Amino acid sequence: MKFRYTEKKVKLPQSVHAYAEKKVTKLERYFNAETDAVIAFSVEKNMNKVELTLHVASTYFRASEATSDMFASIDAAVTSIERQIRKYKTRLSRRLRPDAFNVKEEPTSFVEEVEEGFDVIRTKNFAIKPMSVDEAILQMNLLDHSFFAFRNEDNDNAFAVVYRRNDGGYGLIEDTEND
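As the structure is a computational prediction, the values presented were derived from the model and not from experiment. (Residues numbered from 1 in each chain as written. Predicted model: local features only at pLDDT ≥ 70, side-chain atom pairs only at ≥ 80, totals over all residues. Heavy atoms only, no water.)

Focus: the side chain of Asn48
So, step 1. Positionally, Asn48 belongs in strand S3 (residues 47–56).
So, step 2. Asn48 gets classed as buried once you look at its relative accessible area, which sits at 15%.
So, step 3. Not counting the four nearest positions on each side in its chain, Asn48 is found in contact with Ser42, Val43, Glu65, Ala66, Thr67, Ser68, Asp69, Met70 and Ser73. (Helix = DSSP H or I, 4+ residues; strand = E, 2+ residues; numbered from the N terminus. Buried < 20%, exposed > 50% of the residue type's maximum accessible area, 1.4 Å probe, protein only. Contact = heavy atoms within 4.5 Å.)

Spelled out as structure tokens, the structure:
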């Protein structure tokens with residue numbers, strides 16, 4: 001497992017990083033692939049906040065917990081991720097591709113273009129992967145995002161976006177240029 005740490009508004013001793021590594025490493029038993037862990041520590045309004053993101057193959061798991069103690073925040077974030085893994089790994093193995101947790105090549109990357117007159121505050125680069133609509137919705141829920149871009153393997157790998165509707169349902173936007 002590869003670890004990356006970020007600290008915002010706080011400087012922590014190495015013992016906190018070691019404790020986080022020890023706890024997060026226990027999650028390796030759920031995966032047979034190389035895992036990247038990003039742990040962000042911050043202090044906001046006298047609360048110690050830990051944001052934990054795991055990247056396994058083409059799936060991301062994310063949890064954010066804030067308590068009065070940094071060690072308790074780490075424990076809560078790991079527990080939350082473990083709950084997500086159990087819930088979604090079972091669902092993925094039953095309903096979706098059998099190789100959903102296996103590492104794949106990163107075939108393409110997406111770069112956001114900037115139009116004149118607009119201020120881009122944040123740019124993200126990521127591979128747009130072929131997957132089913134169900135898998136894209138699961139990935140969107142794991143990331144706790146309101147939309148998710150992917151290549152729809154059920155539609156000749158056409159570009160598509162799933163999104164969460166205000167009524168609680170999901171929507172799908174597909175590229176029709178290939179038709």
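After presenting the structure, the write-up continues.
What to know about the pattern of salt bridges
So, step 1. Evaluation of the coordinates by the stated rule reveals 4 salt bridges.
So, step 2. A salt bridge links Lys23 to Asp75; the nearest nitrogen and oxygen atoms lie 3.9 Å apart. With Lys23 in helix H1 (residues 14–25) and Asp75 in helix H2 (residues 70–95), this residue pair connects regions lying 52 residues apart in the sequence.
So, step 3. Its relative accessible area of 27% is what places Asp75 among the partly exposed residues.
So, step 4. With a shortest N-O distance of 3.4 Å, Lys49 and Glu51 are connected by a salt bridge. (Salt bridge = Lys/Arg side-chain N within 4 Å of Asp/Glu carboxyl O.)

Re the packing of aromatic side chains
So, step 1. All told, the structure shown has 3 aromatic pairs when counted by the stated rule.
So, step 2. Seen in terms of ring centroids, Tyr5 and Phe41 are 6.2 Å apart; in terms of plane orientation they differ by 15°. Their pairing is stacked. A residue pair is termed long-range when its members are at least 10 positions apart, and Tyr5 in strand S1 (residues 2–8) and Phe41 in strand S2 (residues 35–44) qualify at 36 residues.
So, step 3. A residue is classified by how much of its surface remains accessible, and Tyr5, at 25% relative accessible area, is partly exposed.
So, step 4. Owing to a relative accessible area of 1%, Phe41 belongs among the buried residues under this scheme.
So, step 5. By way of ring pairs, the aromatic residues Phe3, Tyr5 and Phe41 are connected into one cluster. (Phe/Tyr/Trp six-rings, centres within 6.5 Å; stacked < 30°, edge-to-face > 60°.)

Looking at the nonpolar core
So, step 1. Counting 26 residues, the largest nonpolar core has Val24, Ile39, Phe41, Leu52, Leu54, Ile81 and Ile85 as its most contacted members.
So, step 2. Elements supplying a minimum of two residues to this core: H1, S2, S3, strand S4 (59–67), H2 and helix H3 (133–143).
So, step 3. With 7 residues, H2 is the largest single contributor of residues to this core.
So, step 4. Once residues within four sequence positions are removed from consideration, Leu54 is found in contact with Val24, Leu27, Thr35, Asp36, Ala37, Thr59, Tyr60, Phe61, Ile81 and Ile85.
So, step 5. Formed by 9 residues, the second largest nonpolar core is a distinct cluster that contains Ala136, Phe150, Ala160 and Val162. (Core = buried A, V, L, I, M, F, W, Y, C linked by side-chain atoms within 4.5 Å.)

Side note on H1
So, step 1. With 12 residues, H1 should cover 16 Å at 1.5 Å per step; its first-to-last C-alpha distance of 16 Å lies within 8% of that length.
So, step 2. Val16, His17, Ala20 and Val24 are the residues of H1 that are buried. Each buried residue of H1 sits inside an arc of 100° when the element is viewed along its axis, so together they form one side. Along H1, exposed side chains directed more than 90 degrees from the buried face belong to Gln14 and Lys22. (Expected span 1.5 Å × (residues − 1). Arc of directions from axis to C-beta.)

Digging into the layout of surface pockets
So, step 1. By volume, the largest pocket amounts to about 1,400 Å³.
So, step 2. Considering the residues around the largest pocket, the lining is formed by 36 residues, among which Arg62, Arg122, Lys124, Leu143 and His145 are closest to the centre.
So, step 3. For the lining of the largest pocket, the elements supplying multiple residues, two or more each, are S1, S2, S3, S4, H3, strand S6 (147–152) and strand S7 (158–164).
So, step 4. When residues in the lining of the largest pocket are grouped by element, the largest group, 6 residues, is from S2. (1 Å grid on protein atoms, 1.4 Å probe; cavity = no way out; pocket = protein on both sides within 12 Å on 5 of 7 lines; lining within 4 Å. Points joined across faces, edges and corners; volume = space filled by probe spheres on them.)

Re the sheet that holds S3
So, step 1. On the basis of which strands lie adjacent, the open sheet formed by 4 strands has the order S1-S2-S3-S4 and mixed pairing. The outermost strands of the open sheet, each flanked by one partner alone, are S1 and S4. The mean inter-strand angle of the sheet, taken between neighbouring strand axes irrespective of direction, is 15°.
So, step 2. Relative to S2, S1 is paired through 7 bridges, and the arrangement is parallel. Each bridged residue has a counterpart across the sheet, and for Glu7 the counterpart in S2 is Phe41. (Pairing = 2+ DSSP bridges. Axes fitted to C-alpha atoms, helices over the stretch in contact; angles between N-to-C directions.)

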